[in-house]
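# Fold and contact review
The residues making up each chain are set out below.
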Amino acid sequence: MQAHGNGNPETCASNLLRTIRGEVPYDRVRGRDGALIDQPNATDEAVADAEWVLETFEPRVNTKDIQINPEAGNPGNFITYVDIERKEDEDA
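The sections below set out a description of the structure shown in this document. The written sequence of each chain sets the order in which its residues are numbered from 1. Side-chain atom pairs in this predicted model are given and counted only at pLDDT of 80 or more, local residue features only at pLDDT of at least 70, and totals for whole chains, interfaces and linings cover all residues. As a convention, hydrogens and water are excluded, and side-chain values are obtained from all of the structure's heavy atoms.

## Some words on the nonpolar core
Definition in use: Definition used in this section: a nonpolar core is a set of buried Ala, Val, Leu, Ile, Met, Phe, Trp, Tyr and Cys residues joined via side-chain atoms within 4.5 Å. Here's how the labels work: a residue is buried when its accessible area is under 20% of the maximum for its type, exposed when over 50%, partly exposed in between, all with a 1.4 Å probe on protein chains only. Numbering of helices and strands runs from the N terminus; a helix is a DSSP stretch of H or I covering at least four residues, while a strand is a stretch of E covering at least two. The contact rule is simple, with two residues in contact once any of their heavy atoms fall within 4.5 Å.
Formed by Ala13, Leu17, Leu36, Ala42, Ala46, Val47, Ala50, Leu54, Ile66 and Ile68, the largest nonpolar core amounts to 10 residues. Mapped by element, the contributors of at least two residues to this core are helix H1 (9-18), helix H2 (43-57) and strand E1 (61-69). Sort the elements by how many residues they give to this core and H2 lands first, with 4 residues. Contacts of Leu36, omitting those with residues within four sequence positions, involve Ala42, Glu45, Ala46 and Asp49.

Here's what the structure looks like:
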């Protein structure tokens, strides 16, 4: 963890997308649904889940695009590309 800069919206969004649902004590719905990794052809559900996580837990950003590429990673891994922008009412 860094001493400074952890509170900016981009860092928070990145941390949220790296968190698996159930791993945060007392906040078991925070993070992405890890069960989607084991489901075949669940990319649409994983995209919707990532959008829900960002809308729910990081309202300071707008999601422009989310793409999940299962072939780009090692077997069992998915690469998620997320394009976000900071909302206009948030200071830099």
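## A closer look at H2
Under the convention used in this document: One fewer than the residue count of a helix, multiplied by 1.5 Å, yields its expected span. Along the arc lie the directions from the helix axis toward the C-beta atoms.
Under the 1.5 Å per step criterion, the end-to-end length of H2 is 21 Å for 15 residues, consistent within 8% with the ideal 21 Å. Restricting attention to buried positions, one finds in H2 the residues Ala46, Val47, Asp49, Ala50, Val53, Leu54 and Phe57. The arc enclosing the buried residues of H2, seen along the axis, measures out at 160°, which places them on a common side. Every exposed residue of H2 that faces more than 90 degrees away from the buried side is listed here: Asp44 and Glu55. Buried residues along H2 sit against H1, E1 and strand E2 (79-86).

## Comments concerning unusual backbone geometry
Despite not being glycine, Tyr26 has its phi angle at roughly 65°, a positive value. Within the secondary structure layout, Tyr26 lies in the loop between H1 and H2. Classification of Tyr26 by relative accessible area gives exposed; the value is 85%.

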